[in-house]
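One-letter residues, chain by chain:
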Protein chains: 2
Amino acid sequence: MGKEAAYELSLLLNTPSSALGSCRYKLKDYEEDETDYKRILEIFQKYDVRYFFYNGGNDSMDTCNKISKYMQHVGYECRVMGVPKTIDNDLYGTDHCPGFPSAARYIISTCMELYLDARVYDTPMICIVEIMGRHAGWLAASAAAATYTGFGPDLIYLPETDFDVDNFIADVKEVYDDNNGKVFVAVSEGIHDKTGKLISEYGNETEMVDSFGHKQLGGLAQTLVSILKDHFPGTKIRGIEFSLLQRCASHAASQTDISESFEAGRVAVEYAVHGISDKMVGFRRKTDEDGNYKCEIKLIDLDACANTEKKVPLEWINAAGNGMRKPYIDYLLPLIQGDPKIPMQNGLPRFANLKKIKAKPPRKK
Amino acid sequence: MGKEAAYELSLLLNTPSSALGSCRYKLKDYEEDETDYKRILEIFQKYDVRYFFYNGGNDSMDTCNKISKYMQHVGYECRVMGVPKTIDNDLYGTDHCPGFPSAARYIISTCMELYLDARVYDTPMICIVEIMGRHAGWLAASAAAATYTGFGPDLIYLPETDFDVDNFIADVKEVYDDNNGKVFVAVSEGIHDKTGKLISEYGNETEMVDSFGHKQLGGLAQTLVSILKDHFPGTKIRGIEFSLLQRCASHAASQTDISESFEAGRVAVEYAVHGISDKMVGFRRKTDEDGNYKCEIKLIDLDACANTEKKVPLEWINAAGNGMRKPYIDYLLPLIQGDPKIPMQNGLPRFANLKKIKAKPPRKK
């Protein structure tokens, strides 16, 4: 690889991972339909692909696992490794997932800033922020670290517990009365009532489903604004969706996350070269003699982590289901340490430009 | 002042300015109604207030000017100085306004990141971001610096020109066809048609009522999404509002802005102590012998800057009214330089806590 190409690749450390591209495509089981698998095998054979690394969350580990098992099934020798990456932090078998700490760091900073902004006037104001997380509330929970500094949400709701609208209104009223009419709420997009119905659907009966069979969500913050309106007449109530911003905010990334993410990929390659296959790389949390956080690499069977969601432990959520307990903060803080040194050009971030890298012609059989 | 109080105050450099509080209150002319003015004078006399600094944008300079003129009218000796601060960057008489470069820096980073995120899949995607700016488009224009890096909006619309829906659809279609169905649009919240009607109001005629019986007011981004839907059937179209985030994102501030903002306040105090009054502090742009940007302080009559809006020069907007020309980038880039060193505690930003500062008892007459 030339010097210029090596430099472009190094810039990926501080470029949103979307630069690599992605897809949302659910592979059927090969027993059910072999079409896709045959095509993959054809490509693998054509270019003599003997190492396959797949990067992503639960659905990606499912895909990776299926491809691994198929290659074993047909006897094609290929080392298949899953490399975790999901801001949702819900992969089984790993202490945490690359990407999550950076998204959490962005959410914490942004919540701290919004806390002040939403209190700038003397008048009452209820501010509701909607944070990603369909089934696991790791990201919304991270807003609790902002609260821990004194500048954060008063109430936090996760999909790990059932959401009750009447309790919610009572919670908001209590904070409103104690706090001069200032209330700051953080919610996971996936909060639901005890029947399992999503709160975001309370305002909208139509459903849209993506190719993974997930409901297309959106508008939860707005739904909650509507719910509160009748109970707080005349009060300014604002819903804010962090939207795509929270999953690509490389400018606010955690250096710990960047270093660990790179290490996960590097070790995956090293293991594969040494003959390991059919595994996902994961993290094990350690504490050194001085009580400092350390992160070790471990391997998990792809079978185990495909489609198994890891949720926020219930004992880390308070009894009222509207805030986080200290152990969650202790879990989170070591992960979000460190300001990355972002490469700049003309005072603007310099992202990797992958078009500048010419691939070597594939080695044909 | 004690050491601790001095430290807390120093933290204001990296704390969102909303920590200082604000108000939205329009003073009537004193010839019309003297009530408020009498009360202000009473307070000034009670605490022997002889220096009055007022920080804000157009409306604040109007207030500052009115108070200055009233104190002259009644012969109360008080030095009144306006200190500019508005992310809108629309104050007359100053090259730029404290706050604007930091908001611009946040918008540029965020647009660069969204550019990649909105292109992560192979499928078509139209992404529309709504940026603050009612009458002047300085902030939305700043997204052009992202485009300049190769990672930014394809189309940018400001309130300085009339917005035409048919032209907009044609613009989007052209980019869509050239670009594999990827289109990224940035708009100022205040864009309007040639009759002056706000585009954000286009969606309000057909009343959307949610299941709680509340009228749903979509923002401008959502209105544009609705407008495009029929023209791009099946294409994912997403509206994103930067909302309050863009005006309080201290984590992404420009160090140049922070230094200049501090200097503006410092010099305002210095001038006032030396007998100057009835002025606003402003910036004059200079270039040193090596061609580097420099910023000098100047004074502007409060009369001149109260209620006069400075818009983006039309010659900096392209002929089609959907993008920015190079001179705007040249204007902007020097202002957004420099990563601030943000004070941290436990790896989280350490904001000023003004409650920790005990005010000295006021000096009574």
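Because the structure is a prediction, the values reported are computed rather than measured.

Criteria and cut-off values
Throughout this document, residue positions are counted from 1 along each chain, in the order its sequence is written. Chains carry letters and ligands carry numbers; both start at the beginning, A for chains and 1 for ligands, and go up in the order they are written. Note on the predicted model: pLDDT of at least 70 is required for a residue's local features to be given, and 80 or more for side-chain atom pairs to be given and counted; whole-chain, interface and lining totals, by contrast, use all residues. To obtain the side-chain values, all non-hydrogen atoms of the structure were included, while hydrogens and water were left out. Between 30 and 60 degrees the pair is tilted, below 30 it is stacked and above 60 it is edge-to-face, where a pair is any two Phe, Tyr or Trp rings, Trp via its six-membered ring, whose centres lie within 6.5 Å. Here a helix means four or more residues in a row that DSSP labels H or I, a strand means two or more in a row labelled E, and each is numbered from the N terminus. Working definition: with a 1.4 Å probe on protein chains only, accessible area under 20% of the residue-type maximum means buried, over 50% means exposed, and in between means partly exposed. A least-squares fit on C-alpha atoms brings the copies together, and the residues used are those whose pLDDT is at least 70 in both copies. Whether two residues touch is decided by their heavy atoms; if any such pair falls within 4.5 Å, the residues are in contact. Joining two parts hides part of their accessible area as seen by a 1.4 Å probe, and the buried area is that hidden amount summed over both. Each salt bridge in this description consists of a side-chain nitrogen of Lys or Arg and a carboxyl oxygen of Asp or Glu lying within 4 Å of one another. Polar contact criterion, stated in full: a pair of N or O atoms within 3.5 Å, where within protein one must be able to donate a hydrogen and the other to accept it, and residues adjacent in sequence count only if both atoms are side-chain atoms. Two strands qualify as a pair provided DSSP detects at least 2 bridges between them. How far a helix is expected to stretch is found by multiplying one less than its residue total by 1.5 Å. Fitting a line to C-alpha atoms yields each axis, with helices limited to the stretch in contact; the angle taken between N-to-C directions then spans 0 to 180 degrees. A residue counts toward a patch only above 30% relative accessible area and without a salt bridge, and it is joined to like-charged neighbours within 9 Å or, for Val, Leu, Ile, Met, Phe, Trp and Tyr, to nonpolar neighbours within 5 Å. Each accessible area is a Shrake-Rupley estimate made with a 1.4 Å probe; only the visible protein chains count as cover when residues are assessed. Each angle is binned into one of four classes, with values under 35 degrees roughly parallel, values over 145 roughly antiparallel, values of 65 to 115 roughly perpendicular, and all other values oblique. Under the grouping applied here, Gly and all other residues not named as nonpolar or charged are polar, the nonpolar ones being Ala, Val, Leu, Ile, Met, Phe, Trp, Tyr, Cys and Pro and the charged ones Asp, Glu, Lys and Arg.

A.B. asks: An account of the packing of aromatic side chains is needed here, citing residue identities and associated values.
C.D. replies: Two aromatic rings are characterised by how far apart their centres lie and by the angle between their planes. Residues and elements named next belong to chain A. Under the defined criterion, the tally for this structure stands at 40 aromatic pairs over all chains. On the basis of an interplanar angle of 40° and a centroid distance of 5.3 Å, the ring pair of Trp138 and Tyr331 is categorised as tilted. A residue pair is termed long-range when its members are at least 10 positions apart, and Trp138 in helix H5 (residues 138-148) and Tyr331 in helix H11 (residues 326-332) qualify at 193 residues. Given a relative accessible area of 7%, Tyr331 falls into the buried group.

A.B. asks: Explain the relation of the copies chain B and chain A to me, and be specific about the residues and the numbers.
C.D. replies: Note on the copies: chain B fits chain A at an RMSD of 0.1 Å, the axial shift is 0.0 Å, and the rotation between them is 180°. Viewed as a symmetry operation, the transformation between the two copies matches a two-fold axis. Residue by residue, 89% of the interface of chain B is reproduced at the interface of chain A, so both copies engage with the same surface.

A.B. asks: Kindly report on the interface of chain B and chain A, identifying the contributing residues and their values.
C.D. replies: Taken together, the contact between chain B and chain A spans 54 residues of the former and 58 residues of the latter. For the pair chain B and chain A, the summed buried surface comes to about 4,900 Å²; carbon and sulfur atoms form 62% of the total. Linking chain B to chain A there are two salt bridges. As a salt-bridge pair, Asp117 of chain B and Arg247 of chain A come within 2.6 Å of each other at their nearest N and O atoms. At the junction of chain B and chain A, the tally comes to 16 residue pairs in polar contact (both at pLDDT 80 or more). At the level of secondary structure, the elements contributing two or more residues to the side of chain B that touches chain A comprise helix H4 (100-117), helix H5 (138-148), strand E6 (236-241), helix H8 (245-248) and strand E10 (348-349) of chain B.

A.B. asks: Give a description of the pairing of strand E7 (residues 279-287) of chain A that names residues and reports values.
C.D. replies: All names here are of chain A. Pairing analysis gives two bridges linking strand E2 (residues 79-84) to E7, with the strands arranged parallel. From the neighbouring strand, Gly82 faces E7, where its bridge partner is Met280. Of the pairings in the sheet, the one linking E7 to strand E8 (residues 293-301) comprises nine bridges and is antiparallel in character. By the bridge assignment, Arg284 is partnered in E8 with Glu296. Connecting E7 to the antiparallel partner E8 that follows it, the hairpin turn spans five residues, and Gly291 within it adopts a positive phi of roughly 80°.

A.B. asks: Describe in detail helix H9 (residues 255-273) of chain B, supporting the description with residues and values.
C.D. replies: Residues and elements named next belong to chain B. Here H9 is 19 residues long and its end C-alpha atoms lie 27 Å apart, about the 27 Å a rise of 1.5 Å per residue gives. Every buried residue belonging to H9 is among Thr256, Asp257, Ile258, Glu260, Ala264, Val267, Ala268 and Ala272, and all of these are buried. At the N-terminal boundary of H9, the capping side chain belongs to Ser254, with an oxygen 3.3 Å from the backbone nitrogen of Thr256. Of the residues trailing H9, Gly275 is marked for its positive phi of about 100°.

A.B. asks: With reference to specific residues and values, describe the pattern of salt bridges.
C.D. replies: Applying the stated criterion to the full structure yields 36 salt bridges over all chains. For Arg350 of chain B, the salt bridge goes to Glu8 of chain B, with nearest N and O atoms at 2.5 Å. Taken together, the residues Arg350 of chain B in the segment after E10 and Glu8 of chain B in helix H1 (residues 3-10) connect sequence positions 342 residues apart. For Arg350 of chain B, a relative accessible area of 12% puts it in the buried group. Given a relative accessible area of 1%, Glu8 of chain B falls into the buried group. The partner of Asp303 of chain B in a salt bridge is Lys69 of chain B, with the nearest N and O atoms 3.7 Å apart. Here Lys69 of chain B lies in helix H3 (residues 58-74) and Asp303 of chain B lies in helix H10 (residues 302-305), a separation of 234 residues in the sequence. A single network of salt bridges, built from pairs that share partners, joins Lys26, Asp29, Asp62 and Lys66 of chain A.

A.B. asks: Please give an account of H5 of chain A that cites residues and values.
C.D. replies: Side chains three or four residues apart in an α-helix point the same way, a direct result of the helix having 3.6 residues per turn. Within H5 of chain A, nine of the eleven residues are buried, which leaves the element mostly enclosed by the surrounding structure. Of the residues trailing H5 of chain A, Gly150 of chain A is marked for its positive phi of about 95°.

A.B. asks: Break down unusual backbone geometry for me, citing the residues and quoting the values.
C.D. replies: Residue Asn180 of chain A is not a glycine yet carries a positive backbone phi of 60°. Here Asn346 of chain B, not a glycine, exhibits a phi torsion of approximately 55°, which is positive. Counting through the fold element by element, Asn346 of chain B comes out in the loop between strand E9 (344-345) and E10. The class of Asn346 of chain B is partly exposed, set by a relative accessible area of 46%.

A.B. asks: An account of the sheet that holds E7 of chain A is needed here, citing residue identities and associated values.
C.D. replies: Residues and elements named next belong to chain A. Strands sit in the order E1-E2-E7-E8 across an open sheet of four strands; the sheet is mixed. Two strands lie at the open edges of the sheet, namely strand E1 (51-56) and E8, each paired on one side alone. Pairs of neighbouring strands in the sheet enclose a mean axial angle of 30°, with direction left out of account.

A.B. asks: Residue-level account of the sheet that holds strand E5 (residues 182-188) of chain B, with values.
C.D. replies: Residues and elements named next belong to chain B. If you trace the four strands from one edge of the open sheet to the other, you get E4-E5-E3-E6, paired in parallel fashion. In the strand order of this sheet, the two ends are held by strand E4 (155-157) and E6, each with one partner. With strand direction ignored, the average angle separating the axes of adjacent strands in the sheet is 15°. Pairing of E4 with E5, which is carried by three bridges, proceeds in the parallel orientation. Each residue of the ladder has a partner; that of Ile156, found in E5, is Ala186. Each of strand E3 (125-131), E5 and E6 is contacted by helix H7 (residues 220-229), which is oriented at about 165° to E6, the strand it contacts most.

A.B. asks: Help me get a handle on the environment of Asp117 of chain B, residues and values and all.
C.D. replies: Following the sequence through the fold, Asp117 of chain B ends up in helix H4. Look at Asp117 of chain B and you get buried, because its relative accessible area is 5%. Apart from residues lying up to four places away in sequence, Asp117 of chain B is in contact with Ser18, Leu244, Arg247 and Cys248 of chain A.

A.B. asks: Give me a nonpolar patch on the surface: which residues, what numbers.
C.D. replies: All names here are of chain A. Taken together, the side chains of Tyr51, Phe53, Val269 and Val273 make up a nonpolar region of the molecular surface, amounting to roughly 330 Å² of accessible area. Among the elements of the structure, E1 and helix H9 (255-273) are those that each provide at least two residues to the nonpolar patch. Mapped onto the fold, Val269 is located in helix H9.

A.B. asks: Hey, could you go over the environment of Gln255 of chain B for me, with residue numbers and the actual values?
C.D. replies: Residue and element names in this part refer to chain B. As for its placement among the helices and strands, Gln255 is situated in helix H9. By relative accessible area, which is 27% here, Gln255 ends up partly exposed. Sequence separation between Gln255 and Pro340 is 85 residues, and the spatial gap between their C-alpha atoms is 4.8 Å. Gln255 has contacts with Gln337, Gly338, Asp339, Pro340 and Lys341, leaving out every residue within four places of it along the chain.

A.B. asks: Which residues make up the packing of helix H6 (residues 165-178) of chain A against helix H7 (residues 220-229) of chain A, and what values go with them?
C.D. replies: Residue and element names in this part refer to chain A. Running from N to C, H6 and H7 point in directions that differ by 75°, and their axes come no closer than 11 Å. By the angle class used here, H6 and H7 are roughly perpendicular. Contact residues: Val165, Phe168, Ile169 and Val172 in H6; Leu224, Ile227 and Leu228 in H7. Grouping the amino acids of the contact of H6 with H7 by side-chain chemistry returns seven nonpolar, no polar and no charged.

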